[in-house]
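Single-letter residue listing:
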Amino acid sequence: MAELPKRYDPKSVEPKWYQRWMENRDFVANPNSPKPPFSIVMPPPNITGVLTLGHVLNNSIQDILARRARMQGFEVLWLPGVDHAGIGTQTAVEKHLRRTENKTRHDLGREEFLRRVLEWQDKHGGIIIEQLKRLGCSCDWSRERYTLDDAYVAAVQNVFVDLYRKGLIYRGRRMINWDPAAQTAVSDEEVISKPQKGNLYFVRYEIVEEPGRFLEVATTRPETIMADTAMAFHPDDKRYADLLGKHAWRPLAREKIPIIADEAIDPKFGTGVLKVTPAHDALDFEIGQRHHLPIVDVLHPDGRINCPAVPELDGLDRFKAREKAAESLQAMGALAKTEAYENNVGFSDRSDVPIEPRISEQWFLRYPKTKEALAVVRDHLIRFFPPHWEKVYAQWLENIRDWCISRQVWWGHRIPAWYRKSQTPSSKSQNGDEIYVGINPPADVENWTQDSDTLDTWFSSWLWAYETMDQETRKKFYPTSALVTAPDIIFFWVARMIIAGLEFKPGKSDRVEDNIAFRDVYFTGLIRDKLGRKMSKSLGNSPDPLDLIDKYGADGLRFGLMRIAPRGQDIRFDEKQIEEGRNFATKLWNVARFRQMHGPSDGAPKIDDETVSIYALELLARLNETMDAIEAAYREYQFSTVAQRLYDFVWSDYCDWFVEAAKTEIFGSDEAQKKSVLAVMDLVLSAILRLLHPFMPHITEELWSLLSFGQGSIQFSPPPEKIRLDDVRDLTGKRQLVSAIYQTIQAGRNLRAESKLPSNRKIRFILRTDEKFISSQIPTLTRLLNAEEVEMDPKYQAQAGNPVAVTPLGEIFLTVAAADRAGERQRLDKEIARIEIEMRAAEEKLGNKSFVDRAPATVVEEHRQRLKDFSAQLAKLKQARECLN
């Protein structure tokens, strides 16, 4: 057995073990294994992305699940991969081109631009994969997938063609969300509503038939007035009833437009009159369709004004045009007033700029299997954690709209559709083109033009749960066991993967339960800084995880982060918590080293019932309780609870109490007792390492090896089983005694601290008690109190001013008179007040007839005993207080 170094060094331990795991192919899944399957697919990060704390949280949880499943005897597949990130990657390359060559993609042409993207991908891609390995992720890297792998591309094209032939994918001219920065359509789910402060402009439109009479309209967008094709009011609004069928002069790009009535108008907003701009507002578009209004588009794709009829606005950015339009309206007397106004504006999730509603020819998908997708979550074939996300999921599916799946970008899955001028009237689309959709190009491809658009990145990733697997792997590991993801992509990805599984049936049978994408979905929280702000580079509040790994180790980062990540809640990040994770690793190392100093460990220790100490029994009982709590927490995906229970057990129960108490036997002369204590240490340390392994894989593997607890890797060691304590005589009484001893020690330590006596100073304590059986525990009391002596004296008469505390074993005194008698009086007064509160609570409980009648007799008796104990403690405290008067 190699000797543990004095200090734990994660920089040498972590890469050593990760390399060994990889060389041993410990993470490679075997689809022919007889073991039951456990599988997770990694939410694919962007191929050119770098590790963030969000990735650390998400992948640490996945690794915890994967490593725990291996220990439980499952054949584990954790399948990794990366996403091509169509808009994100293309935008990054385009920015680089503008900065370095002052060129756009259109200057290069499609073929050359895509070659440049591939160069960019080769240079910047895959970095995050290596970073995940530094974190200790136990993925089957031999199965790493990419959304632009040849087989994956073919699968995406097959799905497109299949859905097109089923009539679920169609091409149409509709109102869509347009991102002027990326210059592409985005889906409804990619539009984030944000409150914005702006102005409400009250514009006057003169009535054509009644010169000098005006209709006043409140609008937030005067820059689109040139696209107005009607004025509208609610049919029940009597204020404007006489104007129905008349006309108004449009003040910018002056033209006569009709005045109409439509029930969609809100009479309470503004003046109750709406300027109808069908090209630039979804509601206005619907009104325009009902009233057959013309559509006038006054915006370029990049958000600049396109209206030569108004030269002062033409070519201006839309927001500058807003200001200029207001000035022009003011100058012509058409602006009645301007009011400050706050409203919600849709922003592109991709570019973080306000989107533009835009009429455009795009490809759309009518979602299949929506009712079935609702049912599998409602009926808990798929379970969400936390469960409140079920309602959010259901609301989206119940109000689902067709998905705009085409994107005006070049990087990604090109749409397998070709066009040529129609030769037969029956095959015409809306724009007069004949459409061919297929996996392979049409036979006379030279006469056809392929669609230049690509598919929404999410259209490829909705197949991720099964198209990442070959048939043999899918047969073993699909449906997957769990998905760990963020709630902000519940619609983008989670719901769509569920729909894809139900529609395409990749499972081993047609049964619904064989085709759901996963059985459990765990939604993580969002990591924020200490002030509650989202982390971002611009705020400078987003630490680099690799710096944290260098500073605290991967295990320290993982454990520290998991302790502060309550289920489904946002996380307030504090680097001190990561430091605590590192300190915990150090504590674990030191206590293992202490064990090694006293001889070789036993991988299969036997506990001797005759020599086992009461402290060991208490520890073993606490270990059982901890394992029960951990199992319950795992079932509910309460990872922070698991981490905190392990932290408390290791740091407090094991290190602070048991090991310190055990030193009495370890340094004593009774070899049988020493052997018994060391056996308990081996048993519990072995359990601790296995329980901690999913959270802290590197240090637990190192200690498992150095302490010779098992033949192979800890990864495949079964979880610890509960220790049988049923045969221990009077276990409850022994545990109560240990609890009383520990409470007495804590009371003594508190007396020392309140008397401002250094913890390393040896002092005498007196324990006034009639309990003679305590005498055998005096050595342990002396050690844990760091006392010169602990003397038992049932008739001890304390001097006035001697600090005293009432404990379950009796009164414990410091033999040093309190230097601050007033302070001692204050301390006793606080303790008396606390006991009186406890007594009142117990009295109220026992005075409640309903409680006494309904509660188990043992519980009622326990409360009566507590009241009796509190009464005795109070009498002793008051007596000590009187001595100080």
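Now for a description of the structure that goes with this document. (Residues numbered from 1 in each chain as written. Predicted model: local features only at pLDDT ≥ 70, side-chain atom pairs only at ≥ 80, totals over all residues. Heavy atoms only, no water.)

**Focus on the sheet that holds strand E19 (residues 433-437)**
The line we're drawing: Whether two strands pair depends on DSSP finding at least two bridges between them. The helix count covers DSSP runs of H or I at least four residues long, the strand count covers runs of E at least two residues long, and both are numbered beginning at the N terminus.
The 3 strands lie next to each other as E19-E18-E20, forming an open sheet whose pairing is antiparallel. Of all the strands in the sheet, just E19 and strand E20 (449-450) have a single pairing partner and so form its edges. One ladder, built from 5 bridges, connects strand E18 (residues 417-421) with E19; its direction is antiparallel. Looking at E19, one finds that tyrosine 419 is bridged to isoleucine 435.

**A look at helix H3 (residues 86-101)**
Defined as follows: Expected helix span is computed as 1.5 Å times (number of residues minus one). Three labels apply to residues, based on accessible area from a 1.4 Å probe with only protein chains included: buried if under 20% of the type maximum, exposed if over 50%, partly exposed otherwise in between. Working note: the arc is built from the helix axis to C-beta atom directions. Contact definition: two residues touch when any of their heavy atoms are within 4.5 Å.
Helix length check: H3, at 16 residues, gives a terminal C-alpha distance of 22 Å against a target of 22 Å (1.5 Å per residue), a fit within 8%. Regarding H3, the residues found buried are Gly86, Ile87, Thr89, Gln90, Val93, Glu94 and Leu97. Buried residues of H3, viewed axially, fall in a sector of 165°; they line one side. Against helix H4 (105-108), helix H5 (110-124), strand E6 (184-186), strand E17 (406-407) and helix H12 (457-461) lie the buried residues of H3.

**Observations regarding the packing of helix H18 (residues 575-596) against helix H21 (residues 671-692)**
Stated precisely, the cut-off is as follows: Think of each axis as a best-fit line through the C-alpha atoms, taken over the contacting stretch in the case of a helix, with angles from 0 to 180 degrees between the N-to-C directions. Each angle receives one of four descriptions, namely roughly parallel if under 35 degrees, roughly antiparallel if over 145, roughly perpendicular if within 65 to 115, and oblique otherwise. By definition, any crossing whose near helix is turned counterclockwise from its far helix by less than a right angle is left-handed, and any crossing with a clockwise turn is right-handed.
Look at H18 against H21: their axes get within 11 Å of each other, and the N-to-C directions meet at 150°. With respect to their mutual orientation, H18 and H21 come out roughly antiparallel. Along this stretch, H18 crosses H21, giving a crossing that reads as left-handed. Contacts from Phe584, Leu588, Val591, Ala592, Phe594 and Arg595 in H18 reach Leu678, Met681, Asp682, Leu685, Ile688, Leu689 and Leu692 in H21.

**Examining the pattern of salt bridges**
This is how it is decided: Salt bridges are defined by distance alone: a side-chain nitrogen of Lys or Arg within 4 Å of a carboxyl oxygen of Asp or Glu.
In this structure the tally under the stated criterion is 66 salt bridges. Between arginine 304 and aspartate 302 there is a salt bridge, and its shortest N-O distance comes to 2.7 Å. The exposure class of aspartate 302 is partly exposed, given its relative accessible area of 29%. Linking aspartate 628 and lysine 722 is a salt bridge whose minimum nitrogen-to-oxygen distance equals 2.9 Å. Pair noted here: aspartate 628 is in helix H19 (residues 614-635) and lysine 722 is in the loop between helix H22 (697-706) and helix H23 (731-754), with a separation of 94 residues, a long-range link.

**Some remarks on the sheet that holds strand E27 (residues 787-792)**
Reading across the sheet, the 4 strands line up as E27-E26-E29-E28 and stay open at both edges, with mixed pairing between neighbours. In the strand order of this sheet, the two ends are held by E27 and strand E28 (804-807), each with one partner. Geometrically, the sheet is characterised by an average inter-axis angle of 20° between neighbouring strands, direction not taken into account. Taken together, the 5 bridges between strand E26 (residues 763-768) and E27 define a ladder with parallel strand orientation. Across the sheet, the residue bridging to isoleucine 766 is glutamate 791, located in E27.

**Concerning the packing of aromatic side chains**
Note the cut-off: Within 6.5 Å between ring centres, the rings of Phe, Tyr and Trp (the latter by its six-membered ring) count as paired, and their orientation is classed by plane angle as stacked under 30 degrees, edge-to-face over 60, tilted in between.
This model, assessed by the stated rule, comprises 41 aromatic pairs. A centroid spacing of 5.2 Å and a plane angle of 20° characterise the contact between tryptophan 396 and phenylalanine 491, whose relative ring orientation is stacked. Pair noted here: tryptophan 396 is in helix H11 (residues 389-398) and phenylalanine 491 is in helix H15 (residues 490-504), with a separation of 95 residues, a long-range link. Accessibility expressed as a relative area gives 11% for tryptophan 396, which makes it buried. A relative accessible area of 23% means that phenylalanine 491 is categorised as partly exposed. An angle of 75° between the planes, with centres 6.2 Å apart, marks the rings of phenylalanine 559 and phenylalanine 695 as edge-to-face. Here phenylalanine 559, found in helix H17 (residues 554-563), pairs with phenylalanine 695, found in the loop between H21 and H22; they are 136 residues apart in sequence, far enough to count as distant. Here a set of aromatic residues connected by ring pairs shows up, and it is made of Phe160, Tyr164, Trp363, Tyr367, Trp396, Trp403, Phe459, Trp462, Phe491 and Phe504.

**A short note on the nonpolar core**
When a protein is soluble and globular, its nonpolar side chains tend to lie buried together. Our working definition: Grouping buried Ala, Val, Leu, Ile, Met, Phe, Trp, Tyr and Cys residues that are joined through side-chain atoms within 4.5 Å yields what is termed a nonpolar core.
Tyr654, Phe658 and Met681 are the most contacted members of the largest nonpolar core, which has 144 residues in total. Aside from chain neighbours lying at most four places away, what touches methionine 681 is Phe594, Arg595, Tyr654, Phe658, Val659, Ala662 and Ile666. Ranked by size, the runner-up nonpolar core spans 61 residues in total, among them Leu163, Val377, Tyr393 and Leu397.

**Quick look at unusual backbone geometry**
As a rule of thumb, non-glycine residues mostly have phi less than zero, and peptide bonds are mostly trans rather than cis. A cis amide bond links phenylalanine 385 to the next residue, proline 386, at an omega of -5°. Note that proline 386 resides in the loop between strand E15 (383-385) and H11. For the bond from tyrosine 478 to proline 479, the omega torsion is 0°, close enough to zero to count as cis. In this structure, arginine 25 is a non-glycine residue whose phi angle is positive, near 55°. Turning to its location among the elements, arginine 25 is positioned in the loop between helix H1 (10-23) and strand E1 (37-41). Even without being a glycine, asparagine 102 presents a positive backbone phi close to 55°.

**Focus: the packing of helix H16 (residues 545-552) against H17**
The cut-off we apply is this: Gly is put with the polar residues, along with every residue not named as nonpolar or charged; the nonpolar set is Ala, Val, Leu, Ile, Met, Phe, Trp, Tyr, Cys and Pro, and the charged set is Asp, Glu, Lys and Arg.
Two elements in contact, H16 and H17, have axes separated by 6 Å at closest approach and are oriented at 110°. In terms of axis orientation, H16 runs roughly perpendicular to H17. Residues Pro545, Leu548, Ile549 and Tyr552 of H16 form the contact with H17, whose own contacting residues are Ala554, Gly556 and Leu557. Across the contact of H16 with H17, the residue classes break down as 6 nonpolar, 1 polar and no charged.

**Structural notes on H17**
Burial analysis of H17 places 10 of its 10 residues in the buried class, the great majority of the element. Taken together, the buried positions of H17 are Ala554, Asp555, Gly556, Leu557, Arg558, Phe559, Gly560, Leu561, Met562 and Arg563.

**Quick notes on the pairing of E26**
Cut-off, in case you're wondering: Whether a crossover is right-handed comes down to one check: with the strands pointing away from the viewer, does the path from the first strand over the helix to the second run clockwise; if it does, it is right-handed.
Taken across its 6 residues, E26 has 5 buried, putting it largely inside the fold. Handedness of the β-α-β unit built from E26, helix H24 (residues 778-784) and E27 comes out right-handed. Sheet topology places E26 next to strand E29 (residues 810-814); 4 bridges connect them, and they run antiparallel. When the sheet's bridge partners are listed, phenylalanine 765 is paired in E29 with leucine 814.

**Some thoughts on the environment of proline 442**
With respect to the helices and strands, proline 442 occurs in the loop between E19 and E20. Residue class for proline 442 comes out buried when judged on its relative accessible area of 7%. As for proline 442 and isoleucine 564, which are separated by 122 residues in sequence, their C-alpha atoms are 57 Å apart.

**Some words on the environment of aspartate 188**
With respect to the helices, strands and loops of the structure, aspartate 188 is situated in the loop between E6 and strand E7 (191-206). Among the residues examined, aspartate 188 registers a relative accessible area of 33% and is labelled partly exposed. Sequence separation between aspartate 188 and proline 267 is 79 residues; the distance between their C-alpha atoms is 27 Å. For aspartate 188, the contacting residues outside a window of four places in its chain are Asn177 and Arg401.

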